[in-house]
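Observations on chain architecture
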Amino acid sequence: MTSKVRDLTYIAMMATLIIVLGHIPGIPLGFIPVPIVLQNLGIMLAGAILGAKRGTVSVLLFLLLGTFIPAFTGGNNTIPVLMGPTAGYVVSWIFVPLLIGIGLKKIPSQNFLLTFLIIWLGGVLFVDFLGAIWLAHFTKMPFITALWSNLAFIPGDTIKALLTSLIAVKYSRYLVKD
Ligand code: BTN
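Remember, it's a predicted structure, so these values are computed and weren't measured experimentally.

This part is about the nonpolar core. Grouped together as the largest cluster of nonpolar side chains are 43 residues, with contacts concentrated most on Val 59, Phe 62, Phe 72, Trp 93 and Ile 119. When residues in this core are grouped by element, the largest group, ten residues, is from helix α2 (residues 39–65). With near-sequence residues (within four places) excluded, Val 59 lies in contact with Ile 18, Ile 43, Ala 46, Trp 93, Ile 94 and Pro 97.

Moving on: a nonpolar patch on the surface. On the surface, Leu 82, Val 91, Phe 95, Leu 98, Leu 99 and Ile 102 cluster together to form a nonpolar patch covering roughly 470 Å² of accessible area. Element by element, the count of residues in the nonpolar patch is highest for helix α4 (residues 87–105), at five residues. With respect to the element layout, Leu 98 can be found in helix α4. Leu 98 gets classed as partly exposed once you look at its relative accessible area, which sits at 38%.

Let us now look at the pattern of salt bridges. One pass over the structure, following the stated rule, counts three salt bridges. When the shortest N-O distance is used, the salt bridge between Asp 7 and Arg 6 registers 3.2 Å. Under the relative-accessibility criterion, Arg 6 is labelled partly exposed at 30%. Of the charged contacts, one joins Asp 7 and Arg 54 as a salt bridge, the two residues approaching to 3.0 Å between their closest N and O atoms. With Asp 7 in helix α1 (residues 3–22) and Arg 54 in helix α2, this pair connects stretches of sequence that are 47 residues apart.

With that out of the way, let us pick up unusual backbone geometry. Backbone geometry at Lys 140 places phi at a positive 65 degrees, although glycine is not the residue there. Relative to the assigned elements, Lys 140 resides in the loop between α5 (112–139) and α6 (143–149). Classification of Lys 140 by relative accessible area gives exposed; the value is 72%.

Moving on, we come to the UniProt feature "transmembrane region" (unreviewed entry) in the chain. UniProt marks residues 57–73, 79–100 and 112–135 with the feature "transmembrane region" (unreviewed entry), using the numbering shown here. Between the end C-alpha atoms of residues 57–73 the distance is 20 Å, and the span holds 53% helix and 0% strand.

Conventions used here
- Residues numbered from 1 in each chain as written.
- Predicted model: local features only at pLDDT ≥ 70, side-chain atom pairs only at ≥ 80, totals over all residues.
- Heavy atoms only, no water.
- Core = buried A, V, L, I, M, F, W, Y, C linked by side-chain atoms within 4.5 Å.
- Buried < 20%, exposed > 50% of the residue type's maximum accessible area, 1.4 Å probe, protein only.
- Helix = DSSP H or I, 4+ residues; strand = E, 2+ residues; numbered from the N terminus.
- Contact = heavy atoms within 4.5 Å.
- Patch = residues over 30% accessible without salt bridge, like charges linked within 9 Å, V, L, I, M, F, W, Y side chains within 5 Å.
- Areas by Shrake-Rupley, 256 points an atom, 1.4 Å probe, with all protein chains shown as cover.
- Salt bridge = Lys/Arg side-chain N within 4 Å of Asp/Glu carboxyl O.
- UniProt positions renumbered as here; feature names shortened; annotations may be inferred.

In structure tokens:
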């Protein structure tokens, strides 16, 4: 397999995984129109496994496919999602592989704590912060309320970041390097 074909295969597989995770039902919270989802685990994995460039392309491919097929949690498509309360999270997903991929390149691949810190900052804190900014704007709730309500995502998102870190450290020698 040439490296281009190999890259395209990995990118397509990651976009597929993100879509598959989107088919796992979300957990509605009630107090904000944003569910707890598993799909953002796929976004973190894209950065940790494929690195900045290929990870970003896989997220963009997922968003592109989502304009034709229901690719998001609850069977939603990309365009309606980008016009709704969760758009801030989804737009931030585009930059997650970049942040994680670049960050992980700068540290020893066996350092679990640093790996987790980078994945948590790029895949959890960054996303939940940007998500809260748009959520506040969209729902007209005070930003501080949106920020507080996003604390509900932190435990689950931290578990996803831990899982991604475990995979990144354990299989670091097989991961796709940029
Ligand atoms: C959508 O399908 O409309 C996107 C949902 C975004 C949910 C965000 S991602 C970060 C945070 N963690 C979660 O489990 N849910 C929110």
